[in-house]
Each structure stands twice: as structure tokens, then as C-alpha cells.
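# Structural characterization, general
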Amino acid sequence: MKQILVAEPGGPERMAVSEVPTPVPGPGQALVAIHVAGVNFLDVYFRTGLYKSDRPIAIGSEAAGVVEAVGDGVTDVAAGDRVAYAMVRGTYAEYAVVPAVNLVKIPDAIGFEIAAAVFLQGATAHYLTRTTFPLNATHTCLVHAAAGGAGGLVVQMAKAAGAIVIGTAGSAEKAREATALGADHAIVYTEQDFEAEVKRITDGRGVHVVYDSVGKTTFDKGLRLLRPRGMMALFGQSSGPVPPVDPLTLNAASLFLTRPSLGHYLQPPDELRWRVGEVFEMVTRGALRVRISGSYPLADAAQAHRDLEGRKTHGKLLLAVR
């Protein structure tokens, strides 16, 4: 089978299509024929070596496809089932062996593209707004990259919870997109000082929570915008990693800082299926808009990474494997 592997960390050009043996499922595992793989910044972090991995580095952590075969002891899924999953690396491939407990069946009303586009980022938006800092109508939140794949879903789920949503975006076009997704206010951070704008919008009170996937360039200002006992939920670092933080910085307003990981909020099987099931249900009834910015052949994965890192997207990028 074909699989994208990285021999040594580096730029997008390091990703190469390799011919490798098709895996065989062992006990508790399923062999999935991948139809569509999601492209995420998580993949970039592994490709560049920011997140450590054995060589060669298997890229991709999200996919939708069909169960081809199952190993001993697997009863929850069977050959022919349409499934999706995340947080098991190696999805830039034609086949993958996956622990069966990590698989979620795709509802009939949802296609492979939508399932692969919403699984990881939808579950991320869900845990951030429902569990990490459970929003309600009394809250005001700041969402960075509010027109991006994850940010746009956070905006929608925050609004569904009743919160006031302030979003930042890199261009006027993306700011309009954030507003269309439900943001009450959209700030073009390349033209305006988002710290000053948030203070103006909130009459100096600040926000209850910052959902930050950008990292290095937004973190410090975000901390200064939190109300007493507010929370910084740093769930990405598209601009680079945040330098070490002195805990006394948080003492100024009794702040909370968390660096959550999706895997810790998708404990299989119950939490995983509950959380992703709610995401799929929102999509099915039209309460969650899933935007696909582009789809690329598996062999063009490097270009997908260039477009993602170049901030040329307004939604999800996918690899069409089949």
C-alpha cells in the first residue's frame, strides 16, 4: 500500500510516498481502508519534529473509511462498517490498523469527507466549550483564528452555548467569515491591536476564557485580557511554541492556564462515542457548519501542508485517498 512517511523532520518536502506492506489487524484491532484523511496542524508538529516520534515518522491523525477486516475479540465494528477516527497516527495512507475502541460509526446522513473534516476539530471544539471551560450565556470568550477549521467550530459551539464570542482573524475577508459563523465581534489582528479592541468591546472587563490555537504571538496579550479567575485554554501553536511561563504571572488575577490535548478528552469507548456522537448529531441537524477549504490527492500532501502553514485556508483541508 501507499503511505506518506518522513525519514527526518523538516519541511513539507520531507514527506514522501512510500510503498509499505498492508498491515494485518491483531486482537482488538480493525483494518480500515481509508477514503479521506484530515489535515491538521498536529501533523505539522510531528513532521517538523516539534512533537517527538520514532523514524520514519507516520503522518496524519484523522481519517474516515470502511472496515476491511477485524482481529480476534472485536465485536463493536465489522467488515463493511463506515467509520471515522482520530488520534491514531498514520492516516496519510491507503490502509491503517486501528484499535477498534477508537472507531466511531459514521451516521448514514454524513459522508466520508464531512466525517473526516469534523472529527478531530469538532471534538476539539466540543471539549473546549463543554468540558475545559463549559460556556453558558453569562460568559464572554475570545477565539483566535476564528475563521480557521478549529476556530470556526469553536465559534459555532460557543454561540450554541449562549456565550458572547469575540473572534480574531488575519484579514477582513476572514473576519467576515468569523461573523458569518456566529462571532458577535471580529477583529482583524493584522490591522488592529486585538488587546485594545477586546478591552474596548468589554468596557475594560476582559473575557472569561481565551481559546488560543495560535500560541507565541497571541499568548501574552491573551493572558492580560482575562478577568479574575479566567482561563487561558492554549490548544495549539500555529505561530510557534509559547516560552516558559512564570506561575506568578497567573497570580495577578488568579488565572488558570491549561494546555489540553484531545486524546485526554476522548477516552474510549464511552467519552469518545458520546463526544463525537454529539458532534455528528449537530452536523446532521444543521446546527454545525463544516467548511472544506480544499481536497488534495495523497501524493500532494506536501502542498496541503504548505497551504495550511501559509494560512491560505478558511476551513478544513483533506486528502482524498480513494
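This section reports on the structure supplied with the text. From a predicted model like this one, the values you see are computed outputs, not experimental measurements.

### Quick word on the overall build of the protein chain
Per the secondary structure count, the protein chain includes nine helices and 16 strands. The C-alpha radius of gyration computed for the protein chain amounts to 20 Å, which stays within 12% of the reference 20 Å derived for 322 residues, consistent with globular compactness. Taken along its principal axes, the extent of the C-alpha atoms in the protein chain is 60 × 40 × 35 Å. A separation of at least 24 residues holds for 69% of the contacts in the protein chain among residues at least 6 apart in sequence. If the 31 positive side-chain charges of the protein chain are averaged to one point and the 31 negative ones to another, these points end up 5 Å apart.

### Thoughts on the packing of helix 1 (residues 41–48) against helix 9 (residues 301–309)
Two numbers describe how helix 1 lies on helix 9: the axes approach to 10 Å, and their chain directions differ by 110°. The pairing of helix 1 with helix 9 is recorded here as roughly perpendicular in orientation. For the pair helix 1 and helix 9, the contacting residues are Phe-41, Asp-43, Val-44 and Arg-47 in the first and His-305, Leu-308 and Glu-309 in the second. In the contact of helix 1 with helix 9, the residues fall into three nonpolar, one polar and three charged.

### Brief notes about the packing of aromatic side chains
According to the stated counting rule, one finds five aromatic pairs in the structure shown. Between Phe-41 and Tyr-45, the ring centres sit 6.3 Å apart and the planes meet at 35°, which makes this aromatic pair tilted. Placement of both Phe-41 and Tyr-45 in helix 1 is noted, with a separation of four residues, approximately one turn of the helix. A connected cluster of aromatic rings, assembled from ring pairs, spans Phe-41, Tyr-45, Phe-46 and Tyr-51. Sitting above the plane of the Phe-46 ring, Arg-89 keeps its charged end 4.1 Å from the centroid. In this structure, Arg-322 is placed above the aromatic ring of Tyr-95, and the distance from its NZ or CZ to the ring centre is 4.6 Å.

### Some remarks on the pattern of salt bridges
With the rule as written, the count across this model stands at 16 salt bridges. A salt bridge links Glu-62 to Lys-316; the nearest nitrogen and oxygen atoms lie 2.7 Å apart. Linking Glu-62 in strand 5 (residues 62–70) with Lys-316 in strand 16 (residues 316–320), this pair joins segments that are 254 residues apart in sequence. We classify Lys-316 as buried; its relative accessible area is 1%. Between Glu-177 and Arg-291 there is a salt bridge, with its nearest N and O atoms 3.3 Å apart. Pair noted here: Glu-177 is in helix 4 (residues 172–180) and Arg-291 is in the loop between helix 8 (270–284) and strand 15 (292–297), with a separation of 114 residues, a long-range link.

### Some words on the side chain of Thr-168
Along the chain, Thr-168 falls in strand 10 (residues 164–169). On the basis of relative accessible area, Thr-168 is assigned to the buried category, the value being 2%. Looking at Thr-168, its side chain comes within polar contact range of the side chain of His-144, at 2.9 Å. Contacts of Thr-168, omitting those with residues within four sequence positions, involve Leu-142, Val-143, His-144, Ala-145, Ala-146, Ile-187, Tyr-189 and Phe-194.

### As for the pairing of strand 10
Regular strands have side chains that alternate between both faces of the sheet. Counting buried positions over the six residues of strand 10 gives five, a clear majority of the element. One ladder, built from four bridges, connects strand 9 (residues 140–143) with strand 10; its direction is parallel. Within strand 10, the residue paired with Cys-141 across the bridge is Val-165. As a crossover connection, the stretch from strand 9 through helix 3 (residues 149–160) into strand 10 is right-handed. The sheet contact formed by strand 10 and strand 11 (residues 185–188) spans four bridges and is parallel. Directly across from Ile-166, in strand 11, lies its bridge partner His-185.

### Focus on the sheet that holds strand 1 (residues 2–6)
Strand order across the open sheet formed by three strands is 2-1-4, with antiparallel pairing between neighbours. On the outer flanks of this sheet lie strand 2 (15–19) and strand 4 (57–58), each paired with one strand and no other.

### Section: the pairing of strand 3 (residues 29–39)
Among the eleven residues that make up strand 3, nine are buried, leaving the element largely enclosed by the rest of the structure. Bridging between strand 3 and strand 16 involves four bridges; their strand directions are antiparallel. From the neighbouring strand, Val-39 faces strand 16, where its bridge partner is Leu-317.

Basis of the calculations
Residues numbered from 1 in each chain as written. Predicted model: local features only at pLDDT ≥ 70, side-chain atom pairs only at ≥ 80, totals over all residues. Heavy atoms only, no water. Helix = DSSP H or I, 4+ residues; strand = E, 2+ residues; numbered from the N terminus. Rg over C-alpha atoms; globule rule 2.2 N^0.38 Å. Contact = heavy atoms within 4.5 Å. Lys, Arg positive; Asp, Glu negative; His and termini not counted. Charge placed at Lys NZ, Arg CZ, Asp CG, Glu CD. Axes fitted to C-alpha atoms, helices over the stretch in contact; angles between N-to-C directions. Parallel < 35°, antiparallel > 145°, perpendicular 65-115°, else oblique. Nonpolar A, V, L, I, M, F, W, Y, C, P; charged D, E, K, R; others polar. Phe/Tyr/Trp six-rings, centres within 6.5 Å; stacked < 30°, edge-to-face > 60°. Lys NZ or Arg CZ within 6 Å of the ring centre and 35° of its normal. Salt bridge = Lys/Arg side-chain N within 4 Å of Asp/Glu carboxyl O. Buried < 20%, exposed > 50% of the residue type's maximum accessible area, 1.4 Å probe, protein only. Polar contact = N/O pair within 3.5 Å; in protein donor to acceptor, adjacent residues only side chain to side chain. Pairing = 2+ DSSP bridges. Right-handed = clockwise from strand over helix to strand, strands pointing away.

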